[in-house]
Amino acid sequence: MILCVAIVGQQNNPLYLQSFAGGDDVLKFHYIVHCSLDVFDEKASILRRTGTNLNDNFLGLLYPAEDYKVYGYMTNTRVKFVLVTSDLELKDLDIKTFFQRFHAAYIDVTSNPFHVPGKRIASPMFRDRVKTIVSSFGQL
Amino acid sequence: MEDLPEELRTPPVALAALVGMPELHPQISMSLHTEQPPINTLALPDFSKVAVIGGKEGAPLEARIPAPAGVLKADWMHKHRTKVPAVLAVLFDREQVNGDPAQWMEVCSHLDNVRNVIRGRNTKLVVAIVQPTLHGEINDDRTAALRKRAELDNKCCMTFISHDPTELKRSLARLGSILGELANLYYKEQSRRVKARLDKKNWTATEIAVRFNFKMGYYAEFRRDWVTALRFYETAYTLLLEVFSNPAETQSIQRVVELKAVAEQLHFKVSTLLLHSGKEVEAVKWFKHHIASFKKLSGPPEGIFMHWAWVGQQHHVFGDLLKTGRSTAPTSTAVLAGSGVTERELQPGFYYQIAASYMAGRRRTFERAFATFESFDNPDAVDVLAGPPEEVGPPLYVGQGPRVLSRMSEEQSATPDEYMRHAMLTERQFPHSRAAINLLTKAHEQYKATQATRMIYYLGTQMGREYFHAGEHENAKRLFDTVAEMYRKEAWVELLAASLEYLRETAKHLGLSKEFLEYSLELAALPEESWSEVARRSTALTDVIAAITGTDALPDGEAPIALEIDLVSPLRGVLSVCVAFHEQAVKPGMSTRLTVSLLTHLPHPLELGDLEIHFNQNACNLALKHSLDQGCDLKLMPHQWKRLEVDIIAVKSGKLECLFAVARLGRNTTVRCQVESPASREPDPFWQFEPALESYPVKDKNLAFLGQKVVQVEEVEPKVDIEIDSGGTGLLGETVLVRIHIRSRGHAIDAGELQVSVTEVASNDAFSPKTPSTGSSAACAKIFVPARLKDGSGETLLWEFQGSMKIPYVEADGSWSTSTYSLEPTTTLISCGVINTSTYNARRL
C-alpha cells in the first residue's frame, strides 16, 4: 500500500506531500521523506565520484524505514519524488511506472501559467490526480 | 547484547574434566586452553568429587516424550559448557599403578567408580599414567588390565611425562589432541542420539522438535561445525513458528513471552553464525524475516509493552552484532544489487535508531497499560515474584517467569495475575527515556561516519523528545534549538512546527518567558499548509498570542518582554518592516516622504499599540500611535502590507538612514525590528515557497524595486554664489579676461570685499576643490582691473590690482559682475574651481 508521496524542490524544500495512511502518522512521513534526501545526496555523491552519468531518473529503493520502504526518483532539474510504501514486495518496474506518471502530473501542474516554479503545489486538481494515480496503482 | 546470557553470546567450547594428580591440573588446563580449538577444563581435586559430573541415565529411544513444560531448558547451555564434560581424563601416578596390591586395588576402584559415574552421560574416558621421566618401566600387565577394565582403546591410555620439559610438552600436546578428538566424537554422538530420538517421533509437541534441533545445533557448535549448526538452528526456528500457529492474542502472555524469548535465542544464533561467516546480506535478510514473522505476534493487549520491548531488543542486539561482526570494508554495490538490501541496512545505527523508536512505543503503551492496571488491581496485592532469592527461584525454561519456591513443584509458576503484576511493577522501574537516549547516542555515533546529516538531525529530534519525557528540559531545548535550525534552513514547515511545539513546552518548564513568546510567535507565523493534515495551531497557541497582544498587565515582578527581530531572525514572519524614501537626495530642512510598510504572517490581525521609527539622526525619529480618529491605523491584517506614509525633515547633511522600528504589542511586549529596503529585501524563507501572489511593500513599482532606506542629505544652500568665468584657455603670456559674478540668494548684500587670487594648479587637478593660498598665488600671475582714464578720453586701461575688491550693495536675489584680467608670465592656468572659491569668499563676506 502506498502510504505517502512527496515532491521535494531543488533547494530540498517540500513542494508537495500527500499521505494516504490517515491517523496521526503524517508527521512521521515528513521525517521519512526529509531523511530520504540524505540518500539522494549519497547517490549523487557516488555518481560524481565514479564519474557515472545518471541515465535513469528512477533511483530505486532509497532505504527501508521500520515497516516501510522508501523509493526515489529525480528529474533532470533536481526535483525529487519520493514514495513511501508498506508493501515490501513491490516490483521496481511498477514503481518506475508510477513515478513516470507522477512526474507527468507534476509537469502538467507546473505548466499552469498561474503556477510559479519552485513554489509549493496547492492545486486541488493535482491532488486529485495524484490520488487517482495512487489508486490506479491498486494500492489505495 | 550484554543482557543476553554469556553462554548464548559466545560459541561453546568443549569441556574436559581432569581427576587425579591435582598438582598437574593447572598446567594441563592452561595447555588445553591454548589448543586449537581450545578446550575448557573442569578440574576435580580428587576422585570423591567425580560424582558432580554424573547425570541421570538417558531415556531409551523408544520412550514416549511427554509434552514439555517449556521449550528450552534455561540452564541447558550453561550446564553443557561448565558441568557436563565431553571427556574425562583420569591421571594415575605410575607408582600407584605399579604399587602393591592395595594401591592397585585403589586404582581399580577409582576407575570403576569413574566409569559408573560417566556411564549415564556417555562421557569419553582417557587414562593417563603419570611418571616423572621417560626412565622407569610401567607394568605392562597392569596397564593392559587398566585398559581392559576401562574398555579403552590403546590411544586412550597414555603415558604422561611430568618432569622432563620436552617430554612434558609432548605429553601435553598428545593429551590435548586425544581429548579434542574424543570431545568431538562425544558431541557428534550426542547429536546423533538426539537425532535418533527426534526421528522416532515419539513426541506430539512441536516444542520438543525445536528443543532437539537447538541441541543438535549447539552440539555442532561444540564441534565448530558452523554450517551444520546454522542448519539446525534454522530448522528449530522454522519449527518454532509452527508452535505459534495459534493466534498470539488467544495465548497467555506468559506463553507468548516464552516463545518469543526462544525465538530470540534461535535468531541470535543464526545471525551470529551468518555474520561470522561473512554473509552480511543474508544476515540482514534473516533479520527482516525474523521481525516480519514475530512483529505481528504481539499477544494480549495488556502486555503489548512487553512485545515492543522485545522488538526493540531484537533491533538493538542485531545492531550490536553488525557492529562487532561486520567487516570494516563496505559491502560492494554488486553484492547489494538485486538482494533487496540497502547499504543503510548494513549500518548498526539504522537498527539502534529503530530500537529507540520502539523504546518510545514501549513507554507509551506501558503508561496506558499501567493506568488500566492501577485502576483494577488490588492495592493490597503483593508482588510475590519480587521476593528474596530463597523464596523466588530462577525460571526452569527460557523465557518463563521466576518460580515461587515456597509452593508445591507443580504450582511454582506464577499465576497470570501475579505474572502481570510483577511485569508491571518491574517495568515501572525501567528508565525508558534513558535507555532510548543511549540507543540514539549509539546511532548518532554510527551515523556520524556517513553523510546522513538529516538523519542525524532526526536522531536529535528523537533524543530531544526523550529528554523532554525524562524531564531534562535544558537538554531537550538545546537539541531542539539545533534541529530547528536545519528545518528552518530547508523550509520544512511541519518538522519545524513539531520542534517548536517542544521548544515552547521546554521554555515554559524552564520559566523562560521571552523564549516561550518567541517560539509561540514563530510557530503561529508559519504557513498553514492546506495539504497537510497536521493540526498545528492549537487553541492554546491562539490564546497565548491573544494574551501577548492584549492589554493584561504583567504579574508582579515580571519584566516586560523586548523582542528583537533582525534580518535573519526566525521571527521575520511575525513582523517585518520595510521603508523606502521617495527621493534619493534631499536638502537639509526640506521635507521628504517615507513609506513605512509593515507585514505580519500571524493568522490573526495584529494591532500595534504604537510604532516608533528610529533613524541614525535622532532628531528625525518619530512615533506613531494607533488612533483611528487621527487616521493612524496600526492594525495589521494577516499577509497584507500595511503602508504608512510619513514626512521626514532631515536636519544635518550627510546620510539619513532608517535603522529600526519598535512596535508595542499590548502593554507588556515590544518588538524591535530591523528595517529593510524594498530594493534589497529578502523574502521570508518559509513564505517564499507559498503559492500566494506576491505583493510589494510599496505600491510604486520604482520604489518597490529601487526604494532605499537611506537618503542623501545634501549640503546647505550657500547664501552668496560667486562664479568666475575665465573665458576659456589662455596662451602663455596672454592677458585673459576673467569675469566675476556675485549673486545673492534670498537676502541683500550691503557691502563686502572680494579677494581674488590665482593659483597654479596641475592640469589633472584643475577641477578638484582647493582653497586658494594668497601667499603662493602672487608669484604665478598678475591681476589687472580695467580703469577708465580720468582725462575724459574714455579709454580704459588695465591697472594691476592688489588687495581686496570692494563689492557694492547687491539687492536680494540680485547680482553684480566685474571683470579682471590675468597676465600670465608663466605656464599658469586660471583655476576653474569657482564653487570653492566662491564658497571661500562667501565666508569671507
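Note that the structure is a prediction, hence the values are computed from the model and not measured.

Rules used in this analysis
- Residues numbered from 1 in each chain as written.
- Chains lettered and ligands numbered in written order.
- Predicted model: local features only at pLDDT ≥ 70, side-chain atom pairs only at ≥ 80, totals over all residues.
- Heavy atoms only, no water.
- Axes fitted to C-alpha atoms, helices over the stretch in contact; angles between N-to-C directions.
- Helix = DSSP H or I, 4+ residues; strand = E, 2+ residues; numbered from the N terminus.
- Parallel < 35°, antiparallel > 145°, perpendicular 65-115°, else oblique.
- Contact = heavy atoms within 4.5 Å.
- Pairing = 2+ DSSP bridges.
- Buried area = accessible area lost by both parts, 1.4 Å probe.
- Salt bridge = Lys/Arg side-chain N within 4 Å of Asp/Glu carboxyl O.
- Nonpolar A, V, L, I, M, F, W, Y, C, P; charged D, E, K, R; others polar.
- Phe/Tyr/Trp six-rings, centres within 6.5 Å; stacked < 30°, edge-to-face > 60°.
- Buried < 20%, exposed > 50% of the residue type's maximum accessible area, 1.4 Å probe, protein only.
- Right-handed = clockwise from strand over helix to strand, strands pointing away.
- Polar contact = N/O pair within 3.5 Å; in protein donor to acceptor, adjacent residues only side chain to side chain.
- Expected span 1.5 Å × (residues − 1).
- pLDDT = per-residue confidence, 0-100.

Got a minute to help me understand the packing of helix 10 (residues 253–276) of chain B against helix 15 (residues 416–428) of chain B in this structure?
Describing two packed helices takes the angle between their axes plus the distance from one axis to the other. Residues and elements named next belong to chain B. At a closest axis distance of 10 Å, the pairing of helix 10 and helix 15 adopts a crossing angle of 60°. Judged on the interaxial angle alone, helix 15 and helix 10 are oblique. In contact with Ile 253, Gln 254 and Val 257 of helix 10, helix 15 contributes Pro 416, Tyr 419 and Met 420.

In this structure, what is going on with the sheet that holds strand 4 (residues 124–131) of chain B? I would like to understand it.
Pairing between the strands of a sheet is mediated by backbone hydrogen bonds and can be parallel or antiparallel. All names here are of chain B. Strand order in the open sheet made by the five strands is 2-1-3-4-5, with parallel pairing throughout. With partners counted over all chains shown, the strands left at the sheet margins are strand 2 (39–44) and strand 5 (157–161), one partner each. The mean angle between the axes of side-by-side strands here comes to 30°, regardless of whether they run parallel or antiparallel. Looking at chain direction, strand 3 (residues 87–93) and strand 4 are connected through seven bridges and run parallel. Considered in strand 4, the bridge of Leu 91 is made with Ala 128. Its contacts with the sheet place helix 6 (residues 140–150) against strand 3, strand 4 and strand 5, and it is angled at close to 165° to strand 4.

Quick question: what am I supposed to make of the interface of chain A and chain B here?
The figure often quoted for interface size is the accessible area lost as the parts come together. Facing the 34 residues of chain A at the interface are 37 residues of chain B. Summed over both sides, the interface between chain A and chain B buries roughly 3400 Å², with carbon and sulfur atoms accounting for 57% of that surface. Among the residues chain A hides against chain B, the three largest losses belong to Tyr 31, His 34 and Arg 120 of chain A. Together they make up 24% of the total. Seen at the junction of chain A and chain B, the total is four salt bridges. Among the secondary structure elements, those contributing two or more residues to the side of chain A that touches chain B are strand 2 (14–19), helix 1 (26–50) and strand 3 (58–65) of chain A. Residues of the side of chain A that touches chain B, tallied by class, amount to 18 nonpolar, eight polar and eight charged.

What is the right way to read the packing of aromatic side chains from this model?
The description of an aromatic ring pair uses the distance of the two centres, along with the angle that the planes make with each other. Residue and element names in this part refer to chain B. Counted under the stated rule, the structure contains 38 aromatic pairs over all chains. Taken together, a centroid distance of 5.0 Å and an interplanar angle of 90° make the contact between Phe 350 and Tyr 351 edge-to-face. Each member of the pair, Phe 350 together with Tyr 351, is buried. Taken together, a centroid distance of 5.4 Å and an interplanar angle of 35° make the contact between Phe 366 and Phe 370 tilted.

Hey, could you run me through the pairing of strand 1 (residues 14–19) of chain B in this one?
When a strand is regular, its side chains alternate between the sheet's two faces. Residue and element names in this part refer to chain B. Counting buried positions along strand 1 yields six of six residues, so the element is predominantly enclosed. Going residue by residue along strand 1, you find Ala 14, Ala 16 and Leu 18 tucked away on one face and Leu 15, Ala 17 and Val 19 tucked away on the opposite face as well. Pairing between strand 1 and strand 2: six bridges, direction parallel. Across the sheet, residue Ala 14 finds its bridge partner in strand 2, namely Ile 39. Running through helix 2 (residues 25–33), the crossover from strand 1 to the neighbouring parallel element strand 2 is right-handed. Direction of pairing for strand 1 relative to strand 3: parallel, over a ladder of four bridges. The residue bridging Ala 17 from the neighbouring strand is Leu 88, located in strand 3.

Can you walk me through the sheet that holds strand 5 (residues 80–85) of chain A in this structure?
All names here are of chain A. Across the sheet, which stays open at both edges, the five strands sit in the order 2-1-5-4-3 with antiparallel pairing between neighbours. Across the chains shown, the open sheet's two edge strands, defined by having one partner strand only, are strand 2 and strand 3. Pairwise comparison of adjacent strand axes, ignoring direction, gives a mean angle of 15° for this sheet. Of the strand pairs in this sheet, strand 4 (residues 68–74) and strand 5 are connected by six bridges, and their pairing is antiparallel. Within strand 5, the residue paired with Met 74 across the bridge is Lys 80. The sheet strands contacting helix 1 are strand 1 (2–8), strand 2, strand 3, strand 4 and strand 5, and the helix crosses strand 3 at an angle near 130°. Running over the sheet, helix 3 (residues 124–136) touches strand 1 and strand 2 and is turned about 50° from strand 2.

Even after reading the chapter, I still don't get the environment of Gln 400 of chain B, so can you show me in this structure?
All names here are of chain B. Mapped onto the secondary structure, Gln 400 falls in the loop between strand 6 (392–393) and strand 7 (403–404). Between the C-alpha atoms of Gln 400 and Val 256, which are 144 residues apart in sequence, the distance is 9.7 Å. When neighbours within four sequence positions are excluded, Gln 400 is seen to be in contact with Ala 69, Gly 70, Glu 258 and Pro 395. Within polar-contact distance, the side chain of Gln 400 engages the side chain of Glu 258 at 3.3 Å.

What should I look at first to understand helix 19 (residues 493–510) of chain B in this one?
Residues and elements named next belong to chain B. For helix 19, with 18 residues, the first-to-last C-alpha span of 25 Å sits near the 26 Å given by 1.5 Å per residue. Taken together, the buried positions of helix 19 are Val 493, Glu 494, Leu 495, Leu 496, Ala 497, Ala 498, Ser 499, Leu 500, Leu 503, Arg 504, Thr 506 and Ala 507. Of the residues one or two after helix 19, Gly 511 is the one with positive phi, at around 70°.

What am I meant to see in the confidence of the model for chain B here?
Low pLDDT marks stretches whose predicted atomic positions should not be read closely. All names here are of chain B. Averaged over chain B, the pLDDT score is 82; the fraction of residues at 70 or greater is 86%. Note that pLDDT drops below 50 for residues 773–779; the model gives that stretch five contacts with residues more than four away or on any other chain. Predicted confidence is poor over residues 825–845, with pLDDT under 50, and the contacts of this stretch with residues over four places away or in other chains come to 44 contacts. Interface predicted TM-score (ipTM) for the complex: 0.94; the corresponding pTM is 0.80.

When you look at the side chain of Glu 207 of chain B in this model, what are you seeing that I'm missing?
All names here are of chain B. Topologically, Glu 207 is positioned in helix 8 (residues 206–222). According to the relative accessible area criterion, Glu 207 is buried, its value standing at 13%. Reaching out from Glu 207, the side chain makes a polar contact with the side chain of Arg 255 at a distance of 2.3 Å. Once you skip the residues sitting within four places of it in the chain, Glu 207 turns out to touch Pro 68, Val 71, Val 243 and Arg 255.

Explanation requested: the pattern of salt bridges in the structure shown.
Two side chains with opposite charge may pair up if their charged atoms get near one another. One pass over the full model with this rule turns up 40 salt bridges over all chains. The partner of Glu 367 of chain B in a salt bridge is Arg 363 of chain B, with the nearest N and O atoms 3.9 Å apart. Residue Glu 367 of chain B and its partner Arg 363 of chain B are both found in helix 14 (residues 348–376); the two are separated by four residues, about one turn of the helix. Looking at Arg 363 of chain B, the relative accessible area reads 6%, which means it is buried. Where salt bridges share partners, they join Asp 38 and Asp 41 of chain A together with Arg 454 and Glu 490 of chain B into one cluster.

Where do I start with helix 11 (residues 280–294) of chain B in this structure?
Since the α-helix advances by 3.6 residues per turn, residues separated by three or four positions end up pointing in the same direction. The terminal C-alpha atoms of helix 11 of chain B, which comprises 15 residues, lie 21 Å apart, in line with the 21 Å expected from a rise of 1.5 Å per residue. Within helix 11 of chain B the residues assigned to the buried category are Glu 280, Val 281, Ala 283, Val 284, Trp 286, Phe 287, His 290, Ile 291, Ser 293 and Phe 294 of chain B.

So what exactly am I meant to see when it comes to the pairing of strand 4 of chain B here?
Residues and elements named next belong to chain B. Among the eight residues that make up strand 4, eight are buried, leaving the element largely enclosed by the rest of the structure. Note that strand 4 and strand 5 share five bridges and pair parallel. Paired with Val 130 across the strands is Phe 160, a residue of strand 5. Remark: the strand 4/helix 6/strand 5 crossover connection has right-handed handedness.

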